[in-house]
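# Fold and contact review
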Amino acid sequence: MSDSSPERLFRTLFISDVHLGARGSQADRLLDFLRCHDADTIYLVGDIIDGWALKSNWHWPQSHNDFVQKMLRRVRKGAKVIYIPGNHDEFLRSYYGTHFGGVEVVETAIHEGADGKKYLVIHGDIFDLVVQNARWLAHLGDRAYDFAIQMNRMVNAFRKLFGRPYWSLSQWAKLKVKNAVNYIGAFEQTLAGEAKRHGADGVICGHIHYATIRDENGIRYMNCGDWVESCTALVEHEDGRFEILTWTDPVRRPQPAPRVTAQAA
């Protein structure tokens, strides 16, 4: 696979929830994104590898291996790559402080932006009570989520036949179902509070597969989204400005992700 010069170079790139090993992973779209985008520093913000899925049904196509190789090549070319494990790749939490091919594995990180502001970088699952206190329920939800992803593929296959753009069924549901909106709002508030306790100006996380940039009580909350349904990444420009890029259409033209404020009702 060629690694030609990317069209856009950023100061920092944040990627989360790729779920390599799961059938729903859109690693091929991520590879296409990475052919056009690069950064001096790359944060892998958890659930990059889906250990849960691999345990139940081994699935590792070439695109998943290509992503791993691409990250290793980025390291060899001088990029700093930092891996913060999540709940699906929790097996890596035994290796904090170590390096794999130059990729550093850490529990959390403090990222200093170009403007001097500090951001806590964390996956976020440790603040999800469902994952922490009812693992069997989390796995059950994981199965339901996989079913929703399969349905989403069918819907988009029909949309493609009629020339319609990619559309995420589960993202739509997250904005329509009251409990989901309440959960997103509570998650954002909790992570913002954690950043404040660390003396940071903001937090960068993943986990809930919902990309957004918003302010929460004076703290900047930023979620990278995922590469299962929304295909989003968070980037930092050289001037310190953050932006969410969405990569869903065959034409290589990233679209800004909507900034929707989720509030408990």
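Refer to the preceding data block for the structure.
Thresholds, definitions, all that
Residues numbered from 1 in each chain as written. Predicted model: local features only at pLDDT ≥ 70, side-chain atom pairs only at ≥ 80, totals over all residues. Heavy atoms only, no water. Helix = DSSP H or I, 4+ residues; strand = E, 2+ residues; numbered from the N terminus. Buried < 20%, exposed > 50% of the residue type's maximum accessible area, 1.4 Å probe, protein only. Contact = heavy atoms within 4.5 Å. Areas by Shrake-Rupley, 256 points an atom, 1.4 Å probe, with all protein chains shown as cover. Core = buried A, V, L, I, M, F, W, Y, C linked by side-chain atoms within 4.5 Å. Axes fitted to C-alpha atoms, helices over the stretch in contact; angles between N-to-C directions. Parallel < 35°, antiparallel > 145°, perpendicular 65-115°, else oblique. Left-handed = near helix turned anticlockwise from the far one by under 90°. Nonpolar A, V, L, I, M, F, W, Y, C, P; charged D, E, K, R; others polar. Pairing = 2+ DSSP bridges. Expected span 1.5 Å × (residues − 1). Salt bridge = Lys/Arg side-chain N within 4 Å of Asp/Glu carboxyl O. Phe/Tyr/Trp six-rings, centres within 6.5 Å; stacked < 30°, edge-to-face > 60°.

## Some remarks on the overall build of the protein chain
A count of helical and extended segments in the protein chain gives seven helices and 13 strands. Buried positions account for 52% of the 265 residues belonging to the protein chain. If you take every contact in the protein chain between residues at least 6 apart in sequence, the share linking residues at least 24 apart comes to 67%. Of the roughly 12,700 Å² of accessible surface on the protein chain, 54% is carried by carbon and sulfur atoms.

## Describing the nonpolar core
In terms of nonpolar packing, the biggest core is built from 31 residues, with Leu13, Ile15, Phe33, Leu44, Phe67 and Trp227 touching the most fellow members. At six residues, helix α1 (residues 27-36) tops the list of elements feeding residues into this core. With 17 residues, the next largest nonpolar core counts Val106, Ala109, Val121 and Met222 among its residues.

## Here's the deal with the packing of α1 against helix α3 (residues 62-76)
The N-to-C vectors of α1 and α3 enclose an angle of 30°; their axes lie 9 Å apart at closest approach. Classified by the interaxial angle, the pair formed by α1 and α3 is roughly parallel. Considering only the axes of α1 and α3, their crossing is left-handed. Residue-level contacts link Ala27, Asp28, Leu30, Leu31, Leu34 and Arg35 of α1 to Ser63, His64, Asp66, Phe67, Lys70, Met71 and Arg74 of α3. In terms of residue class, the contact of α1 with α3 is built from six nonpolar, two polar and five charged.

## Quick word on unusual backbone geometry
One non-glycine residue with positive phi stands out, namely His209, at about 55°. By secondary structure assignment, the location of His209 is in the loop between β8 (202-205) and β9 (212-216). With a phi angle near 55°, Cys231 is a residue other than glycine that sits in the positive phi range. Relative to the elements of secondary structure, Cys231 occurs in the loop between β10 (219-223) and β11 (232-236).

## Quick word on the sheet that holds strand β6 (residues 109-112)
Strand order in the open sheet formed by five strands is β6-β7-β8-β10-β9, and the pairing between neighbours is mixed. Strands with a single pairing partner mark the edges of an open sheet, and in this sheet they are β6 and β9. Put simply, the sheet's adjacent strands are angled 25° from each other on average, direction ignored. Relative to β10, β8 runs parallel, the two sharing four bridges. Looking across to β10, one finds that Cys205 is bridged to Asn223.

## Comments concerning α1
A large share of α1 lies buried, amounting to seven of its 10 residues. Within α1, the full set of buried residues consists of Ala27, Leu30, Leu31, Asp32, Phe33, Leu34 and Cys36.

## Examining α3
With 15 residues, α3 should cover 21 Å at 1.5 Å per step; its first-to-last C-alpha distance of 21 Å lies within 8% of that length. Where α3 is buried, its residues touch α1, β2 (37-44), β3 (80-83) and β5 (103-105). The positive-phi residue at the C-terminal boundary of α3 is Gly78, with phi of around 110°.

## Some points on the pattern of salt bridges
Scanning the model with the defined rule gives 10 salt bridges in all. Notably, a salt bridge pairs Arg11 with Glu236, separated by 3.0 Å at the nearest N-O pair. A residue pair is termed long-range when its members are at least 10 positions apart, and Arg11 in strand β1 (residues 8-15) and Glu236 in strand β11 qualify at 225 residues. Classification of Arg11 by relative accessible area gives partly exposed; the value is 23%. Glu236 sits in the buried class, given a relative accessible area of 0%. Here Arg214 makes a salt bridge to Glu216, at a shortest N to O gap of 2.6 Å. Taken as a pair, Arg214 and Glu216 share a single burial class, namely buried.

## Comments concerning the packing of aromatic side chains
Counted under the stated rule, the structure contains seven aromatic pairs. Note on Phe14 and Phe242: the rings are 6.2 Å apart at their centroids and 40° apart in plane angle, and the pair reads as tilted. With Phe14 in strand β1 and Phe242 in strand β12 (residues 242-246), the pair connects residues that are 228 residues apart, well separated along the chain. Here a set of aromatic residues connected by ring pairs shows up, and it is made of Phe14, Tyr43, Tyr119 and Phe242.

## Quick notes on the pairing of β11
With five of five residues buried, β11 is to be regarded as a mostly interior element. Residues Thr232, Leu234 and Glu236 line one face of β11 and the alternating positions Ala233 and Val235 line the opposite face, and both faces are buried. When β1 meets β11, the two strands line up antiparallel, connected through three bridges. For Phe14, the partnering residue across the bridge sits in β11 and is Leu234. The hairpin formed by β11 and β12 contains five residues between the paired strands, and Gly240 there has a positive phi angle of roughly 90°.

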